[in-house]
Amino acid sequence: MKMSKISLFFCAVCCLSLTACSLPVTQVGDTPSEIRLHAIKPGKHTKEDVTRLIGSPTSITLFEKESWLYIASKEQQRAFLPAKEIERNVDVITFNQDGVVEKIQELTLADGIDVPYDTDKTKTYGKDLSVWEEMIGNFGRFPANRGQDR
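What you see is a predicted model; the values in this text were computed from it and never measured.

**Some points on the layout of surface pockets**
By volume, the largest pocket is sized at about 210 Å³. As for the largest pocket, its lining consists of Thr61, Phe63, Glu64, Lys65, Ser67, Leu69, Val92, Thr94, Lys103 and Gln105. Only β3 (67-76), β4 (84-95) and β5 (101-108) provide two or more residues apiece to the lining of the largest pocket.

What follows is the structure, given as structure tokens:
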């Protein structure tokens with residue numbers, strides 16, 4: 001059975017329209033390769049070794065012990081809506097006081113915790129100026145010959 005040119009064109013249009021429906025995925029950050037990450041041994045490697053093996057961290061925490069974070073995520077955005085994170089990988093390398101690797105953790109999006117934002121506002125004191133007050137208040141503040149003596 002032969003396909004007519006119209007049928008072939010219709011199939012091509014359908015295939016192209018279906019591929020246009022896929023949402024773009026954006027990669028944010030980069031994590032080290034599994035091989036290099038597993039080459040780091042707790043109790044053996046130092047900060048310098050880690051930097052040489054997998055590079056500098058995305059972030060450093062100093063809460064109880066120093067930890068280096070290597071963070072990567074994938075986000076998907078639909079039209080004008082905010083981007084939605086669909087995948088997250090965080091490699092955490094914790095060091096002891098001597099700068100030697102103490103432990104290595106691999107975390108995912110499922111390990112994350114949603115922290116609600118505080119919507120309270122801090123009251124600031126001072127005078128709120130209108131546009132006219134700001135414009136009139138600027139008269140005489142700046143020298144008249146500014147920019148001409150260069």
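**Some points on unusual backbone geometry**
Among all residues save glycine, negative phi is the norm, and among peptide bonds the norm is trans. Look at Ala79: it is not a glycine, yet its phi comes out positive at around 50°. Here Ala79 falls in the exposed class, since its relative accessible area comes to 66%.

**Description of the pairing of β3**
Walk down a regular strand and you will see the side chains alternate between the two sheet faces. Both strand β1 (residues 25-29) and β3 contribute to a ladder of five bridges, which runs antiparallel. Of the residues in β3, the one forming a bridge with Thr26 is Glu75. The turn linking strand β2 (residues 59-61) back onto β3 is made up of five residues. By the bridge criterion, 10 bridges tie β3 to β4 in an arrangement that is antiparallel. In the sheet register, Glu75 faces β4, and the bridge partner there is Glu85.

Conventions and cut-offs
- Residues numbered from 1 in each chain as written.
- Predicted model: local features only at pLDDT ≥ 70, side-chain atom pairs only at ≥ 80, totals over all residues.
- Heavy atoms only, no water.
- 1 Å grid on protein atoms, 1.4 Å probe; cavity = no way out; pocket = protein on both sides within 12 Å on 5 of 7 lines; lining within 4 Å.
- Points joined across faces, edges and corners; volume = space filled by probe spheres on them.
- Helix = DSSP H or I, 4+ residues; strand = E, 2+ residues; numbered from the N terminus.
- Buried < 20%, exposed > 50% of the residue type's maximum accessible area, 1.4 Å probe, protein only.
- Pairing = 2+ DSSP bridges.

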